[in-house]
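Chain and residue survey
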Amino acid sequence: MIRLEVLPAEAAALYGEAPGRRVLNLVLERQFKTTTGQVGAGAPTDPGALRLHAGLQYAALADQSALSSGIDLNSSSALRVREREGYALRAPGDDLATLLPGTRLVAVNVGGTRPIGDWSSSFRANLRQAQTSSTTLLNDVAAEYGSRTEALGAALGLSGDLAGWTTQLAFDLDLSASRQVGLSSDRQTLRSIKGTWSASRALLNMPAGDLLTNLSATVAKAESTSEGRVSGSSSRAHLSAQSVRLSGGMTVPLARRHDAEGARQTGMGDAVLTLGGAVVAGDAGNGHGLNAELAWTPLDHLRLQATLATDQQPPTVQQLYAPVVYGEPTTVFDLTRGEAVQIIPIRGGNPALWNSGSTVMTAGLSAGPYTTRSLQLGLTYSHATSEDGIGVLATPTASLEALYPDRFLRNADGRLVSIDQRPLNLASSLNETIHLNIGAGLPLSTSADGETQLISLNLNTAYRLKDQTDLGNGASLIDTLAGVGGGQPRQEMTLFLDTSRGRWSGSLSTRWQSAYRLRLAESPDPGDVLVDDLATVNLRGAFTLAGRRAGGGAPDSRRAGGGQIVLEIENLFDARPSARLADGQAAPGYGRDDRDPLGRAIRVQLSRRF
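Being a predicted model, the structure only gives us computed values, none of them experimental.

1. With respect to the overall build of the chain
When its secondary structure is counted, the chain shows 2 helices and 36 strands. For the chain, restricting intrachain contacts to residue pairs at least 6 apart in sequence, the fraction spanning at least 24 positions comes to 61%. Accessible surface, the chain: about 32100 Å² in total, of which carbon and sulfur atoms supply 57%.

Okay, structure coming up:
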């Protein structure tokens, strides 16, 4: 790849995408061929959970034709309770229970592009096999369970000009078979085929530019056969569902500062209005959606943007008819009893779901780049509401258990052992968030040949103003920012630093989240859980090996057998979630290894081109 171009936001309309999405243009070399092998290993600094990786990829590019293929092998050993002394929720006999499952993954892929006259064709196929294995303590007896999934995906595409329309045709086929054994027994096969046509063109030449339009149609059919058995109850279903989706949109230029020759036209700047809509009809239900975006660039390096999107969508086939299975064990804080417990969630589909609606509004600005340091700034406000939105029950509270008593399963001692997390319709929700992004390139030093070394900085922060959910039926309002019915940080921040010099490169990323409260009731209580703020740091360093010199020229690691050594340290300072009760005592379920049993991990990878 020579370079990556990020096209203006209004370019999304040309490809039938919703406002706010960005289009990337990859500029590739005309001739290229390489084979790359990779091996890697990683593990936490505490015992257990060894991860291994190996891969082989081939890529060739000749003008407009390309071919790629690859195979990836990944393996991770299970992390068991006996390997974590800091796990405070251990019970007699659960030394073999797993905190993280063992996994195996094999993935094979092949793809390519080829011109056919004035058109371009593409194909893609991938085969994937994944396995997981876990052990849990059920009724004081160790029980093993696991899953195995095989999946095959294939796609064909054509693109070109048809009667003045930029046209794309795509055909997708997906087949999968999965099985879970142990605590639950289920089998499921999924078969789906989808065809999509899309086209775009300029319709009118207006004073401010071309009026662009796009149209698309998708026809899909899916079949699912599943049977499962959980907690003595059996489920069996065979579904064949079809759907049709039609969408369209247009981009209307309202004002343009300069014409094609650069002459000034108006002092209003550049302004573009994008409108779009879609309808869906199918066996799972009918739906529709509308969206609009206004983008205005009144000055160089300053852009204002507002979007509005509303839709009514039917539930997906998976949400309706997925087989009922047990999920991986997870730790939750039982607000009803004021204790932390490890539960086994029940997951699957819910045939009783109905349509959900949502409305999302955003307003934002982006400025830059400014100065020689390429300073850029982005600020966005988002407001999202939903009616009958589809969600799951995650935090056990007294009001939730009173409303859905069959979804919280307890043993004879009253201890929570499982939560039924199959999806359900929630009455309404409200979310408001402010996002801030700052980017810059800071000079570090200048080499003898005049090349300046830069360090790229990118800071992202999110500040939640509201996060509320109304379950209906007289239930108390869930307000996670106030700690009622669950809790989450009000503010999150990520910082990414990246630099390179010669054959060395390095990056540092850090993530921070603010402290928050989990209330036992709507009013403050001495048993409330006060979760501390948390900061984690990841470090990555890489060294590129010089390739063999070809014809006396400079080494080229891509074509002449070069390679790269990468060292990564995740959670450099081994930070773990911590909390205390409002009365100052230690909070149960927040021992060193309770929430994050992995902790700091080190990974080494060697790649080489042949």
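That was the structure; now back to the text.
2. With respect to the sheet that holds strand 32 (residues 529-531)
Spatially, 31-32-35 is the arrangement adopted by the 3 strands of the open sheet, whose pairing is antiparallel. In the strand order of this sheet, the two ends are held by strand 31 (516-518) and strand 35 (579-581), each with one partner. Within this sheet the neighbouring strands show an average axis-to-axis angle of 25°, counted without direction. Examined bridge by bridge, strand 31 and strand 32 share 3 bridges and lie antiparallel to one another. From the neighbouring strand, Arg517 faces strand 32, where its bridge partner is Leu530.

3. Description of the confidence of the model for the chain
Low-pLDDT portions of the prediction should not be read for the details of their coordinates. The share of residues in the chain with pLDDT of 70 or more is 88%, and the mean pLDDT across the chain is 86. Long-range and interchain partners of residues 549-560, a stretch whose pLDDT sits below 50, account for 22 contacts in this model, where long-range means more than four residues apart.

4. A short note on the pairing of strand 8 (residues 102-116)
Within a regular strand, the side chains alternate between the two sheet faces. Two strands pair when backbone bridges link them, and strand 5 (residues 65-76) and strand 8 are joined in this way by 11 bridges, in the antiparallel orientation. By the bridge assignment for strand 8, Ile71 is matched with Val108. For strand 8 and strand 9 (residues 119-138), the ladder comprises 15 bridges, and the chain directions are antiparallel. When the sheet's bridge partners are listed, Gly111 is paired in strand 9 with Arg124.

5. Examining the pairing of strand 34 (residues 563-570)
Pairing of strand 33 (residues 534-545) with strand 34, which is carried by 7 bridges, proceeds in the antiparallel orientation. Among the inter-strand pairings, Thr544 is bridged to a residue of strand 34, identified as Gln564.

6. What about the pattern of salt bridges?
A complete count under the given rule lists 20 salt bridges for this structure. Among the salt bridges present, the one from Arg410 reaches Asp334, with a minimum N-O distance of 2.8 Å. Of this pair, Arg410 sits in strand 24 (residues 408-410) while Asp334 sits in strand 19 (residues 330-334); the two residues are 76 residues apart in sequence, bridging distant segments of the chain. Across the pair Arg592 and Asp574 runs a salt bridge whose closest N-O atoms are separated by 2.8 Å. With a gap of 18 residues between them, Arg592 in the loop between strand 35 and strand 36 (601-609) and Asp574 in the loop between strand 34 and strand 35 connect regions that are remote in the sequence. By relative accessible area, Asp574 is classed as buried at 13%.

7. Comments concerning the nonpolar core
Counting 19 residues, the largest nonpolar core has Leu518, Val529, Val531, Ala579, Ala587 and Tyr590 as its most contacted members. Breaking this core down by element, the ones donating at least two residues are strand 31, strand 32 and strand 35. Setting aside residues up to four positions removed in sequence, Tyr590 forms contacts with Tyr516, Leu518, Val529, Val531, Pro577, Ser578, Ala579 and Arg595. Ile419, Leu424, Ala475 and Ile478 belong to the second-largest nonpolar core, a separate cluster that totals 14 residues.

Each value, and the rule that gives it
Residues numbered from 1 in each chain as written. Predicted model: local features only at pLDDT ≥ 70, side-chain atom pairs only at ≥ 80, totals over all residues. Heavy atoms only, no water. Helix = DSSP H or I, 4+ residues; strand = E, 2+ residues; numbered from the N terminus. Contact = heavy atoms within 4.5 Å. Areas by Shrake-Rupley, 256 points an atom, 1.4 Å probe, with all protein chains shown as cover. Pairing = 2+ DSSP bridges. Axes fitted to C-alpha atoms, helices over the stretch in contact; angles between N-to-C directions. pLDDT = per-residue confidence, 0-100. Salt bridge = Lys/Arg side-chain N within 4 Å of Asp/Glu carboxyl O. Buried < 20%, exposed > 50% of the residue type's maximum accessible area, 1.4 Å probe, protein only. Core = buried A, V, L, I, M, F, W, Y, C linked by side-chain atoms within 4.5 Å.

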